[in-house]
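Remarks on the overall topology
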Amino acid sequence: MSYVFSPAPVTTVPVVGTSDLFPVRRIFCVGRNYAAHAREMGRDPDREPPFFFTKPADAVVADEATIPYPPETENLHYEAELVVAIGRGGVNITLENALAHIYGYAVGNDLTRRDLQLKAREQGRPWDWGKAFDRSAPIAPIHPASSVGHPSSGSIRLTVNGEVKQDADLQELIWSVPEIISILSHSMALQPGDLIMTGTPAGVGPLVEGDVCVVTIEGLGDLTTTIGPRS
Ligand code: MN
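Below or above, wherever it landed, is the structure these notes cover.

Calculation rules
- Residues numbered from 1 in each chain as written.
- Predicted model: local features only at pLDDT ≥ 70, side-chain atom pairs only at ≥ 80, totals over all residues.
- Heavy atoms only, no water.
- Core = buried A, V, L, I, M, F, W, Y, C linked by side-chain atoms within 4.5 Å.
- Buried < 20%, exposed > 50% of the residue type's maximum accessible area, 1.4 Å probe, protein only.
- Contact = heavy atoms within 4.5 Å.
- Salt bridge = Lys/Arg side-chain N within 4 Å of Asp/Glu carboxyl O.
- Helix = DSSP H or I, 4+ residues; strand = E, 2+ residues; numbered from the N terminus.
- Phe/Tyr/Trp six-rings, centres within 6.5 Å; stacked < 30°, edge-to-face > 60°.
- Lys NZ or Arg CZ within 6 Å of the ring centre and 35° of its normal.
- Pairing = 2+ DSSP bridges.
- Axes fitted to C-alpha atoms, helices over the stretch in contact; angles between N-to-C directions.

1. Thoughts on the nonpolar core
Core analysis: the biggest nonpolar cluster contains 43 residues, and V84, Y105, I181, I196 and L207 have the highest contact counts within it. Residues contacting I196, with those up to four places away along its chain left out, are F28, V30, L82, V83, V84, I86, I180, I181 and L184. Core analysis: the next-biggest nonpolar cluster, separate from the first, contains 20 residues, F53, A57, V60 and A106 among them.

In C-alpha cells form, the structure reads like this:
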C-alpha cells in the first residue's frame, strides 16, 4: 500500500543551542488567562474554569519570518504568549507531577483575526476562523526546561515597530502552567509534541502591513514577526 499523495512534512520548532527539532503534534491555546486582558475584551476575569481553543500544527511560523497579511480580515491582532512544549504525554496529570511533562518553553504570538473572532463570539460560533488560520502561530525556538528551569515569573513584553504595546509579568497568569496542564489532561490525553499557548496579557491591538512585531519573555529571548502585503 502507498499514500495517495505525499503526506505533509512534520511541523517542527528548533531547540535552542542544538540542531534538534521539536516535532509539533497539536497547539492548545488558553483563552483569557490574564485579568486585565479579560477586562479589555469585555469579560469578567473571575476565576472561572479556563477554556481552550486550538490551532493546527502547521500554523506554526518560525522566528524572523515575514508573513502575508491574512485574508478576510481588517483587524489582525498580536497576542504575546508563553508557550509550553509537552515532552511526555499523560492523562489526569496531577498538579504535583505537571512540570515533569514539560520539555521546554518558547515565546509565541497568538495571531488573531479579531473581527472574525468577535463576530463568532457574538453569534455563539466556533473561534477557528478568527484563531486557527494559516500562519497564525509564530513560535520562537524552544528552550529546554533542563537549561532554563520552569519560569513562573518574569517580564513578558511585546513591541510593534519598537513601541511597547504589552508589558506584564508571567506571575499574573490567572491559571498557572501546572494548573493548565492538569486541567487539559483531564479532558484530553496530552501527547509529546503538544504545544500550549498560555494566554495573553492586556494591550492587544492591530498589526498592519510593514509592521515588525517583537515578543520578549525574560530568559526565553525574542520572537520577531514582520507583516507583509496581502498574498
Ligand atoms: Mn491568545
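2. Section: the pattern of salt bridges
For the structure on display, the rule yields eight salt bridges. Linking R26 and D194 is a salt bridge whose minimum nitrogen-to-oxygen distance equals 2.8 Å. Of this pair, R26 sits in the loop between β2 (21–23) and β3 (27–30) while D194 is found in the loop between α5 (177–185) and β15 (195–197), placing the two residues 168 residues apart along the sequence. Among the salt bridges present, the one from E74 reaches R230, with a minimum N-O distance of 3.3 Å. Pair noted here: E74 is in the loop between β6 (65–68) and β7 (76–78) and R230 is in the segment after β18 (221–228), with a separation of 156 residues, a long-range link. Owing to a relative accessible area of 42%, R230 belongs among the partly exposed residues under this scheme. Salt bridges here are not isolated pairs; linked through shared partners, they connect K55, E79, D110, R114 and K131.

3. Some words on the packing of aromatic side chains
Under the defined criterion, the tally for this structure stands at three aromatic pairs. For the pair F51 and W127, a centre-to-centre distance of 5.5 Å together with 90° between the ring planes defines the contact as edge-to-face. Taken as a pair, F51 in the loop between α1 (35–40) and β4 (52–55) and W127 in the loop between α2 (114–123) and α3 (128–131) lie far apart in primary sequence, 76 residues in all. Its relative accessible area of 16% is what places W127 among the buried residues. When the ring centre of F133 is taken as reference, the NZ or CZ atom of K55 above it lies at 6.0 Å.

4. Remarks on the sheet that holds β18
One open sheet accounts for five strands, arranged β6-β18-β17-β13-β14; its pairing is mixed. Of all strands in the sheet, those with a lone pairing partner are β6 and β14 (163–169), marking the two edges. On average, each strand axis in the sheet is tilted by 20° relative to the strand beside it, whichever way the strands run. As paired strands, strand β13 (residues 155–160) and strand β17 (residues 212–217) are joined by five bridges and run antiparallel to one another. Its bridge partner being in β17, I156 is matched across the sheet by I217.

5. Focus: the side chain of S185
Mapped onto the secondary structure, S185 falls in helix α5. Those residues in contact with S185, other than ones at most four positions away along the chain, are G90, V91, N92, I93 and L190.

6. Observations regarding the pairing of β14
When β13 meets β14, the two strands line up antiparallel, connected through six bridges. Bridge pairing in β14 places S155 opposite D169. The hairpin turn running from β13 into β14, its antiparallel successor, is two residues long, and N161 in that turn takes a positive phi close to 55°.

7. A word on the pairing of β3
Here β3 shows a buried face lined by I27 and C29 and a second buried face lined by F28 and V30. Where β3 lies against β4, four bridges are found, and the strand directions are antiparallel. Across the sheet, F28 pairs through a bridge with T54, a residue of β4. Of the pairings in the sheet, the one linking β3 to β15 comprises three bridges and is parallel in character. Counterpart to C29 in the pairing with β15 is M197.

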